[in-house]
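Structural overview
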Amino acid sequence: MIRCCVVIPVYNHPHKLKELLTAIEPHELDVLMVDDGSDKQAAAAIAATADQFSFVQLKVLETNAGKGGAVMAGLRWAAQLDYSHAIQVDADYQHNMSDLPAFQQLSSHHPEAVICGIPEYDETVNKGRYYARYLTHVWVWINTLSLDIKDSMCGFRSYPVQSTIGLIDRVNVGQRMNFDTEILVRLHWQGTQVINITTRVVYHEDVPSNFRIFKDNVGISWMHTRLFFGMLLRLPVLLYRKFTT
């Protein structure tokens, strides 16, 4: 029997939190929200919103650690509270919370797997960002020698807590926007099954993005470089796995 919670990293994004938490509420899941060092005004709004929902707990990081740092803090918190699985959800309410039961069910049937969303976009998607994602997709397919990870950038996914914590304790995983992709590649490398599930994604024009065009793109490029050389070091194992399973 799995025990599941929702982990929400949030940084200066109180805009859609109430709507997001209202959408989560019918699914009777505890929420662990990690405020990643938001500014004073946003932090007050985030705390006030969290206080409106009895199933929400809030942890505030004193300094901004990046999205990955906030997710990792949430996963460690989930482990301390004895949750077996944590469903990561972005704070900007892009994701369809009606799919939460599907993520839970897949985690229940495949408790050692990571369940990863494949976005189904509508007309709100930024076309430039949409097509740019394919560069990361190709690098992920190269670095895993597989097509197992359909979309490594979707922030809606369910982690098996203990094995994921074990990985981030052993390896220096990127703490910013590179986290979502890197953690999936490294979980795949260690033999974790990746199960993909389609999920509707909507972009909200009134929610600013925390993506830093130059710094985050540089960080993602450096991540792909590190992963490529990591793949080369693991090449015999990855080839053996590819042709024997």
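Calculation notes
Each chain carries its own residue numbering, running from 1 in the written order of its sequence. Local features in a predicted model are, by the rule used here, given only for residues with pLDDT of at least 70; side-chain atom pairs are given and counted only at 80 or more, and totals for whole chains, interfaces and linings are based on all residues. Heavy atoms throughout the structure, all of them, feed into the side-chain values; hydrogens and water do not. Here a salt bridge means any side-chain nitrogen of Lys or Arg lying within 4 Å of a carboxyl oxygen belonging to Asp or Glu. Here a helix means four or more residues in a row that DSSP labels H or I, a strand means two or more in a row labelled E, and each is numbered from the N terminus. Each residue is assigned to one of three classes by its accessible area relative to the maximum for its type, calculated with a 1.4 Å probe on protein chains only: buried under 20%, partly exposed between the two thresholds, exposed over 50%. One less than the number of residues in a helix, times 1.5 Å, gives the span that helix is expected to have. For this quantity, the arc is that covered by the directions from the helix axis to the C-beta atoms. Residues are treated as being in contact if the distance between any of their heavy atoms lies within 4.5 Å. For two strands to be treated as a pair, DSSP must find no fewer than two bridges joining them. Only the stretch in contact is used when fitting a helix axis, every axis being a line fitted to C-alpha atoms; angles between N-to-C directions are given from 0 to 180 degrees. To pair, rings of Phe, Tyr and Trp, with the six-membered ring standing in for Trp, must have centres within 6.5 Å; the planes then decide the type, stacked if under 30 degrees apart, edge-to-face if over 60, and tilted in the middle. Charge-over-ring contacts are defined here by two conditions on Lys NZ or Arg CZ: a distance within 6 Å of the ring centre and an angle within 35 degrees of the ring normal.

Examining the pattern of salt bridges
Applying the stated rule across the entire model yields seven salt bridges. The partner of Asp 90 in a salt bridge is Lys 67, with the nearest N and O atoms 3.1 Å apart. Placement of the pair is Asp 90 in the loop between strand 4 (85-88) and helix 4 (100-109) and Lys 67 in helix 3 (residues 67-80), with a sequence separation of 23 residues. Both residues of the pair, Asp 90 and Lys 67, belong to the buried class. In this structure, Asp 180 engages Lys 67 in a salt bridge whose closest nitrogen and oxygen atoms are separated by 2.7 Å. Residue Asp 180 is located in helix 7 (residues 179-189), and its partner Lys 67 is located in helix 3; the two are separated by 113 residues in the primary sequence. Pair check on accessibility: Asp 180 and Lys 67 agree, each one buried. One connected set of salt bridges, linked through shared partners, spans Lys 67, Asp 90, Arg 157 and Asp 180.

Details of helix 2 (residues 40-51)
Given a rise of 1.5 Å per residue, twelve residues ought to cover 16 Å, and the 17 Å separating the end C-alpha atoms of helix 2 matches this to within 8%. For helix 2, the set of buried residues is Ala 42, Ile 46, Thr 49 and Ala 50. For helix 2, the arc enclosing every buried residue in end-on projection is 100°, short of the 170-degree limit, so these residues lie on one face. Turned more than 90 degrees away from the buried face of helix 2 sit Lys 40, Gln 41 and Asp 51, all of them exposed. Elements that come into contact with the buried residues of helix 2 comprise strand 1 (4-10), helix 1 (17-24), strand 2 (30-35) and strand 3 (56-60).

Brief notes about the sheet that holds strand 3
Across the sheet, which stays open at both edges, the seven strands sit in the order 3-2-1-4-6-5-7 with mixed pairing between neighbours. Lying at the two open borders of the sheet, with one neighbouring strand each, are strand 3 and strand 7 (194-201). Averaged over neighbouring strand pairs, the angle between their axes works out to 25° when direction is ignored. Both strand 1 and strand 2 contribute to a ladder of six bridges, which runs parallel. Bridge pairing in strand 2 links Cys 5 to Asp 30. Contacting strand 1, strand 2 and strand 3, helix 2 crosses the sheet at an angle of about 155° to strand 3. Packed on one face of the sheet, helix 4 meets strand 1, strand 4, strand 5 (114-121), strand 6 (157-160) and strand 7 and runs near 150° to strand 5.

Overview of unusual backbone geometry
Even without a glycine there, the phi angle at Asn 12 is positive, about 55°. Its location among the elements puts Asn 12 in the loop between strand 1 and helix 1. The phi dihedral of Glu 28 is positive, around 55°, even though this residue is not glycine. Topologically, Glu 28 is positioned in the loop between helix 1 and strand 2. On the accessibility criterion, Glu 28 (75% relative accessible area) is exposed.

Remarks on the packing of aromatic side chains
What the rule picks out here adds up to four aromatic pairs. Seen in terms of ring centroids, Phe 53 and Phe 55 are 5.6 Å apart; in terms of plane orientation they differ by 65°. Their pairing is edge-to-face. There is no split in this pair, since Phe 53 and Phe 55 are both buried. Through pairs of rings, three or more aromatic residues link up here, namely Trp 139, Phe 228 and Phe 229. The ring of Trp 77 has Lys 59 sitting right over it, with the charged end atom 4.8 Å from the ring centre.

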